[in-house]
Amino acid sequence: VRLGRAMVWAAALGYSLIAATTTPFTLPADVLTAVAIVALAAGVAVRWPWRPRRARARRESSSPSQSVSGHPYLPWCGLVFLLVAWELFNYLAPGTRAEHPTFSSITDAIDRFYLLKTLLFLAWLYLGWAVIASGARRHRTKAEAGS
Amino acid sequence: VSTSTISYVVWALLGAATVLLWALSYVRPGSVAHPGAAVAQLTTRPVVRILFVLGFMWLGWHMFAR
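Here the structure is a predicted model, which means the values were calculated and not measured.

(A) The overall build of chain B, seen in detail. For chain B, the count of helices and strands is three helices and zero strands. For chain B, the α and β elements follow one another from N to C terminus as α-α-α. On C-alpha atoms alone, chain B measures out to a radius of gyration of 16 Å, which is more than a quarter above the 11 Å that the 2.2 N^0.38 rule sets for 66 residues. Its C-alpha atoms give chain B principal-axis dimensions of roughly 45 × 40 × 15 Å.

(B) Region of the structure containing a nonpolar patch on the surface. Residues V80, V84, L88, Y91 and L92 of chain A make up a contiguous nonpolar surface patch of roughly 520 Å² in combined accessible area. With respect to the element layout, V80 of chain A can be found in helix 4 (residues 74-92).

(C) Expanded view of the packing of helix 1 (residues 2-19) of chain A against helix 2 (residues 27-47) of chain A. All names here are of chain A. The N-to-C vectors of helix 1 and helix 2 enclose an angle of 150°; their axes lie 10 Å apart at closest approach. It follows from the interaxial angle that helix 1 and helix 2 lie roughly antiparallel. For the pair helix 1 and helix 2, the sense of crossing is left-handed. For the pair formed by helix 1 and helix 2, the contact residues are Y15, I18 and A19 on the first element and V31, L32, V35 and A36 on the second.

(D) Geometry of the environment of H100 of chain A. All names here are of chain A. Position of H100 among the secondary structure elements: in the loop between helix 4 and helix 5 (103-111). On the basis of relative accessible area, H100 is assigned to the buried category, the value being 9%. Put simply, H100 and P28 are 72 residues apart on the chain and 31 Å apart in space, counted from C-alpha to C-alpha.

(E) Region of the structure containing the interface of chain B and chain A. Opposite the 40 residues of chain B that make contact, chain A presents 56 residues. A combined buried area of about 4,400 Å² lies between chain B and chain A, and 70% of that area is made up of carbon and sulfur atoms. The interface formed by chain B and chain A contains zero salt bridges. Put simply, chain B and chain A have eight residue pairs in polar contact (both at pLDDT 80 or more) between them. Elements with a contribution of two residues or more to the side of chain B that touches chain A: helix 1 (3-27), helix 2 (35-42) and helix 3 (46-65) of chain B. Partitioning the side of chain B that touches chain A into residue classes produces 25 nonpolar, 12 polar and three charged.

(F) Geometry of the nonpolar core. Ranked by internal contacts, the top residues of the largest apolar core, which has 18 residues, are L40, W48 and W124 of chain A together with V53 and F64 of chain B. Examining the composition of this core, we find that six residues originate from one element, helix 6 (residues 114-136) of chain A, more than from any other. With near-sequence residues (within four places) excluded, W124 of chain A lies in contact with T33, A36 and I37 of chain A together with F56, M57, G60, M63 and F64 of chain B. Grouped together as the second largest cluster of nonpolar side chains are nine residues, W76 and W86 of chain A together with W11 and A33 of chain B included.

(G) Inspection of helix 1 of chain A at higher detail. All names here are of chain A. With 18 residues, helix 1 should cover 26 Å at 1.5 Å per step; its first-to-last C-alpha distance of 25 Å lies within 8% of that length. Every buried residue of helix 1 is accounted for by A12, S16 and A19. End-on, the buried residues of helix 1 take up no more than an arc of 65°, which puts them together on one face. When the buried face of helix 1 is taken as reference, the exposed residues oriented beyond 90 degrees from it are R2, L3 and M7. Buried residues along helix 1 sit against helix 2 and helix 6.

(H) Molecular detail of unusual backbone geometry. Residues and elements named next belong to chain A. Look at F25: it is not a glycine, yet its phi comes out positive at around 70°. Relative to the helices and strands, F25 is located in the loop between helix 1 and helix 2. Judged by its relative accessible area of 66%, F25 is exposed.

(I) Inspection of the confidence of the model for chain B at higher detail. In this model, chain B carries a mean pLDDT of 89, and residues with pLDDT of at least 70 account for 100%. Scoring of the predicted complex yields 0.77 for pTM and 0.88 for ipTM.

Conventions we followed
- Residues numbered from 1 in each chain as written.
- Chains lettered and ligands numbered in written order.
- Predicted model: local features only at pLDDT ≥ 70, side-chain atom pairs only at ≥ 80, totals over all residues.
- Heavy atoms only, no water.
- Helix = DSSP H or I, 4+ residues; strand = E, 2+ residues; numbered from the N terminus.
- Rg over C-alpha atoms; globule rule 2.2 N^0.38 Å.
- Patch = residues over 30% accessible without salt bridge, like charges linked within 9 Å, V, L, I, M, F, W, Y side chains within 5 Å.
- Areas by Shrake-Rupley, 256 points an atom, 1.4 Å probe, with all protein chains shown as cover.
- Salt bridge = Lys/Arg side-chain N within 4 Å of Asp/Glu carboxyl O.
- Axes fitted to C-alpha atoms, helices over the stretch in contact; angles between N-to-C directions.
- Parallel < 35°, antiparallel > 145°, perpendicular 65-115°, else oblique.
- Left-handed = near helix turned anticlockwise from the far one by under 90°.
- Contact = heavy atoms within 4.5 Å.
- Buried < 20%, exposed > 50% of the residue type's maximum accessible area, 1.4 Å probe, protein only.
- Buried area = accessible area lost by both parts, 1.4 Å probe.
- Polar contact = N/O pair within 3.5 Å; in protein donor to acceptor, adjacent residues only side chain to side chain.
- Nonpolar A, V, L, I, M, F, W, Y, C, P; charged D, E, K, R; others polar.
- Core = buried A, V, L, I, M, F, W, Y, C linked by side-chain atoms within 4.5 Å.
- Expected span 1.5 Å × (residues − 1).
- Arc of directions from axis to C-beta.
- pLDDT = per-residue confidence, 0-100.

Dropping the structure here:
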């Protein structure tokens, strides 16, 4: 399992190293990004259940050993709200992009450095894998896993 | 202090808040949900999970291909 995981990481790193050499608005950039997007779509189609059930997810996400107080998702909702609000404010604010940098302009600055762009691409691949894994987790219930 | 500096400081604070929440999700899982659990909960709604994945795809396209 460890060898397999290491090979996946190595492949993802190699792919990111190649993808980071491309320039936006060119065919290689389009193709390499599109391949990763298609892989994500395929992963979602194959590993996610067709009929997700809220009740099952709720039951599985709350472990009996941990006491849940209040709304554990509320801090994330608040953070996402602030991020979106700040992005929109910067996007719509009058002035130059240097005065009001958006998420895109920050990533553009990062993309100018090969190593940082490689890490950003690798992080995007990893998050894609994490998204697939999060959706697929409830595919098998504990009873199914035990049988 | 320039407008640009304020903008970058706010972005940095939002980034720090993200890391802080991530860390808190391990230390106090009852108060802050783990990002994976939050995504799992989000993706239980059929329409939301499709929008979420499409948004994630768009993010990659926007950052690297455009």
